[in-house]
Amino acid sequence: MEQMERRAFMKGAATGALAFAVGGVEVMLTPGAARAQGVPLRTLTAAQAATLDALGETLVPGARQAGISHFVDQQVSNPAEEALLEARILNVRPPYATFYRAALGAVDRASQALNNGRGFAQLSEAEQRSFVDSMRQNKVDGWQGPAGGFVYLLLRSDAVDVVYGTMEGYAALGIPYMPHIAPTQRW
Amino acid sequence: MATLDKVDAVIVGAGAAGAVFAAVLARAGKQVVLIEQGPDWQLSDLISSDIWARRLRGSGPPIRYEGRHPVGRTGDHGWGTGGAALHYSANFPRLLPADFNMKSAHGRGLDWPISYADVAPYYDRIAREIGISGDAKAEERWRPPGEPYPMPPLKTFRHGEVWVPGFRSVGITVAPGAVGVNSTEYKGRAACIHDGWCGAGCPTGALANPQATLLGEARAKGAQVRAMSYVTRVLTDAGGARVTGVEYYDADKQRQVQDAHVVVLAAFASQNPRLLFNSATDKHPNGLANASGLVGKYMMAHAGATVSAIFDEDLQNYLGSFGYQFVSYDLHPKTSRKAAFGSTFWNTGAAQKPTDARGIANVRPDLFGKELDEFLVGKARGLARITAICEELPSADNRIELSSEKDEFGFPLVRLIHSFQADAIGLFDAAIAEGVEIAKGAGAKEIWPGRAIGPQHLLGGTVMGKSANDSVVDSFGQTHELANLYVAGCGIFPTESSANPTFTLNALSLRGAEQLVANWSSIAI
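As the structure is a prediction and not an experimental result, all values here were calculated from the model.

Cut-offs used in this document
Residues numbered from 1 in each chain as written. Chains lettered and ligands numbered in written order. Predicted model: local features only at pLDDT ≥ 70, side-chain atom pairs only at ≥ 80, totals over all residues. Heavy atoms only, no water. Helix = DSSP H or I, 4+ residues; strand = E, 2+ residues; numbered from the N terminus. Rg over C-alpha atoms; globule rule 2.2 N^0.38 Å. Contact = heavy atoms within 4.5 Å. Areas by Shrake-Rupley, 256 points an atom, 1.4 Å probe, with all protein chains shown as cover. Lys, Arg positive; Asp, Glu negative; His and termini not counted. Charge placed at Lys NZ, Arg CZ, Asp CG, Glu CD. Phe/Tyr/Trp six-rings, centres within 6.5 Å; stacked < 30°, edge-to-face > 60°. Buried < 20%, exposed > 50% of the residue type's maximum accessible area, 1.4 Å probe, protein only. Lys NZ or Arg CZ within 6 Å of the ring centre and 35° of its normal. Buried area = accessible area lost by both parts, 1.4 Å probe. Salt bridge = Lys/Arg side-chain N within 4 Å of Asp/Glu carboxyl O. Polar contact = N/O pair within 3.5 Å; in protein donor to acceptor, adjacent residues only side chain to side chain. Pairing = 2+ DSSP bridges. Axes fitted to C-alpha atoms, helices over the stretch in contact; angles between N-to-C directions.

Novice: I'd love a proper account of the overall build of chain B, names of residues and values included.
Specialist: Helix and strand content of chain B: twelve helices and 17 strands. Relative to the globule expectation of 24 Å for 525 residues, the C-alpha radius of gyration of chain B, 22 Å, shows essentially globular dimensions. If one aligns the C-alpha atoms of chain B with their principal axes, the spans along those axes are about 70 × 50 × 45 Å. Counting contacts in chain B only where the partners sit at least 6 residues apart, residues at least 24 apart contribute 72% of the total. Accessible surface computed for chain B: about 16,400 Å², of which carbon and sulfur atoms make up 49%. Positive and negative charge centroids in chain B, built from 50 and 53 side chains respectively, lie 1 Å apart.

In structure tokens, the structure reads:
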């Protein structure tokens with residue numbers, strides 16, 4: 001790791017925020033704040049982000065507002081060895097962007113095939129829930145891509161991370177955070 | 001490319017095993033260089049967050065995981081100095097005498113070339129060296145007597161205590177678990193404050209991670225760490241009789257050669273075989289130390305069986321350490337189960353956080369949406385779990401081989417092929433059934449047995465034995481074929497028992513490093 005990169009990386013860790021590019025300048029923001037400020041995506045397309053937002057919200061209510069798309073987009077735009085994604089633990093092969101593109105593409109293709117051309121983000125809440133339940137069990141007809149059950153597991157982990165992995169999330173669960181070294185921006 | 005000034009010893013990997021070798025060699029006044037492929041983590045880097053903690057976990061050259069039960073990058077993979085021991089549970093069970101002679105006694109598995117009595121003094125010394133909390137007398141119902149642990153057991157909490165009547169109900173005796181966590185201040189390091197962040201790394205020094213213990217000591221005594229440096233080969237002399245150092249690519253991706261009198265491979269069970277294979281020469285066409293053809297063979301994992309349950313009280317399951325509170329070796333005798341051969345080790349009481357692979361949310365992976373919310377908010381405070389670590393017998397079919405894929409420097413990567421055999425699966429099934437009965441006996445309101453057999457830990461691949469005909473290294477980790485090449489870590493275990501491997505790999509590394517120092521003049525010529 002380059003020394004400059006490492007310093008920037010550790011600065012992010014110390015403040016608890018992630019590095020997002022805003023107007024050509026790197027700023028430290030939580031994913032939720034990056035979403036609220038409309039920070040441009042670096043790797044995912046707008047359509048992929050919309051699918052990811054909808055999937056995240058179906059998996060864990062609150063994931064959209066917590067910035068799941070900006071979280072994943074920022075993470076897959078960094079070198080794999082710096083990633084904070086559960087993908088790292090679940091043996092997804094870098095580059096992680098490849099997996100997310102394949103997974104989101106599989107979801108939308110299957111959704112369109114089964115729902116008269118409507119992508120996952122265009123489905124009703126009930127339809128989204130039904131689709132995810134089938135995906136969880138590898139039972140989506142015509143599915144083409146990474147195993148549906150694994151996509152479910154990984155994206156569910158990302159959604160849990162952004163909603164409940166924060167200091168705010170712990171508070172919502174009534175769990176004392178008790179940090180040794182606190183992530184200062186509730187991350 | 002530069003050839004760097006020759007040093008006494010180069011150690012590949014700055015995790016637990018490398019740290020022991022480095023400290024012992026540095027104490028003896030040897031000039032030591034540790035080459036570590038990941039970052040050089042400091043205690044101040046260890047932010048209390050499961051998400052940030054993923055920086056500390058397995059990365060680097062990818063491995064192709066294959067077989068019916070792929071092992072994958074489990075929690076015992078590390079990335080950077082400290083290795084997996086930077087963020088581990090610090091469970092420190094030891095092997096028992098019956099683990100060392102399974103082949104002789106039962107005609108199963110492999111024998112170790114040494115006995116429990118050979119290792120026992122090193123268990124006691126490691127306990128003092130790095131600090132272990134436990135109750136030796138309570139353990140001695142299962143093992144030969146030894147020295148007391150230097151600290152009393154850790155404080156226990158309800159999410160562990162609640163299981164004790166359940167174990168008793170099925171006739172299983174438990175005792176406080178030995179852990180590498182300070183129950184009192186020890187050697188200037190703080191006592192644990194029980195807030196369950198060991199898995200994110202402990203910056204207080206209460207957890208016996210290498211930075212706080214032997215790696216720290218080695219550095220203080222002059223050992224040098226070169227981080228973000230990736231070793232590609234061990235180099236040998238023209239005659240192929242001795243190793244001369246290692247080739248690596250530094251943080252700037254520049255090729256370097258570090259000459260050394262002795263090379264110690266401590267790059268984990270998954271990477272040591274890669275280095276031996278990729279170091280092949282005309283004198284060692286199948287890889288270094290591989291006359292037996294056993295490099296990469298006998299890879300082993302533990303079959304982890306977990307039963308989770310909800311109790312009708314707030315168990316404060318976020319308190320404690322990442323390690324266990326209570327353990328039982330009652331089912332260690334190899335023929336304890338009727339349907340399967342091998343040992344089982346029950347334990348309970350690890351603190352739980354909401355996120356991450358072993359977090360509360362993954363106790364019910366079937367739940368999502370508002371049902372997951374309701375579970376996390378409404379029920380999770382009464383959640384607790386027990387885990388059985390089940391032994392897998394060594395099989396040559398479970399192996400690491402070179403892959404057709406190459407790393408960024410053009411050297412082959414590896415495939416890890418692993419499938420549990422019938423005995424491990426039988427032990428797993430028996431443990432799950434037993435765990436449900438334990439939960440019932442404990443008064444659980446809802447019970448969720450883990451259905452998927454979960455590989456835990458990775459061992460083998462460079463197993464020890466008596467000669468180059470049956471093994472890669474001797475009991476000190478010294479390769480049979482190249483006197484100044486050592487392998488350290490749980491890769492040298494010929495059988496795995498049902499115990500977490502860290503205590504034993506520390507003890508074996510201490511024994512091996514002291515043998516190296518004692519025989520330095522004949523080995524490091």
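On we go.
Novice: Run through the packing of aromatic side chains, naming residues and quoting values.
Specialist: All names here are of chain B. Within this structure, the stated rule accounts for 23 aromatic pairs over all chains. Taking the centre distance of 6.3 Å and the plane angle of 75 degrees together, the rings of Phe 100 and Tyr 116 count as edge-to-face. Of this pair, Phe 100 sits in the loop between strand E3 (63–66) and helix H2 (102–106) while Tyr 116 sits in helix H3 (residues 116–131), and the two are 16 residues apart along the sequence. Note on accessibility: Phe 100 and Tyr 116 belong to one class, buried. Ring centres of Trp 112 and Phe 493 lie 5.5 Å apart, and the angle between their planes is 50 degrees; this geometry places the pair in the tilted category. Taken together, the positions of Trp 112 in the loop between H2 and H3 and Phe 493 in the loop between strand E17 (485–487) and helix H11 (502–518) put the pair 381 residues apart, joining distant regions of the chain. For the pair shown, Trp 112 and Phe 493 are each scored as buried. Cluster of aromatic residues (ring-pair linked, three or more members): Tyr 88, Phe 92, Phe 100, Trp 112, Tyr 116, Tyr 123, Phe 493 and Phe 503. When the ring centre of Trp 142 is taken as reference, the NZ or CZ atom of Arg 141 above it lies at 5.5 Å. Across the ring face of Trp 197, the terminal group of Lys 353 is positioned such that the distance to the ring centre comes to 4.0 Å.

Novice: Outline the interface of chain A and chain B, supporting the account with residue identities and numerical values.
Specialist: Facing the 51 residues of chain A at the interface are 57 residues of chain B. Overall, the association of chain A and chain B removes approximately 4,600 Å² of surface from exposure, summing both partners, and the carbon and sulfur fraction of that is 58%. When the area that chain A buries against chain B is broken down by residue, the three leading residues are Arg 93, His 180 and Ile 181 of chain A, summing to 16%. One can count four salt bridges joining chain A with chain B. Between Glu 86 of chain A and Arg 54 of chain B there is a salt bridge, with the nearest N and O atoms lying 2.9 Å from each other. In this assembly, chain A and chain B are joined by 24 residue pairs in polar contact (both at pLDDT 80 or more). Mapped by element, the contributors of at least two residues to the side of chain A that touches chain B are helix H1 (3–15), helix H3 (46–59), helix H6 (125–136), helix H7 (148–164) and helix H8 (167–173) of chain A. Broken down by element, the residue count for the side of chain A that touches chain B peaks at seven residues, all from H7 of chain A.

Novice: Could you give me a rundown of the sheet that holds strand E14 (residues 412–417) of chain B, with the residues and numbers involved?
Specialist: Residues and elements named next belong to chain B. Strand order in the open sheet made by the three strands is E3-E14-E13, with mixed pairing throughout. With partners counted over all chains shown, the strands left at the sheet margins are E3 and strand E13 (399–406), one partner each. The sheet shows a mean angle of 30 degrees between the axes of neighbouring strands, direction not considered. Summarising the sheet, E3 and E14 pair through four bridges and their orientation is parallel. Among the inter-strand pairings, Tyr 65 is bridged to a residue of E14, identified as Leu 416.

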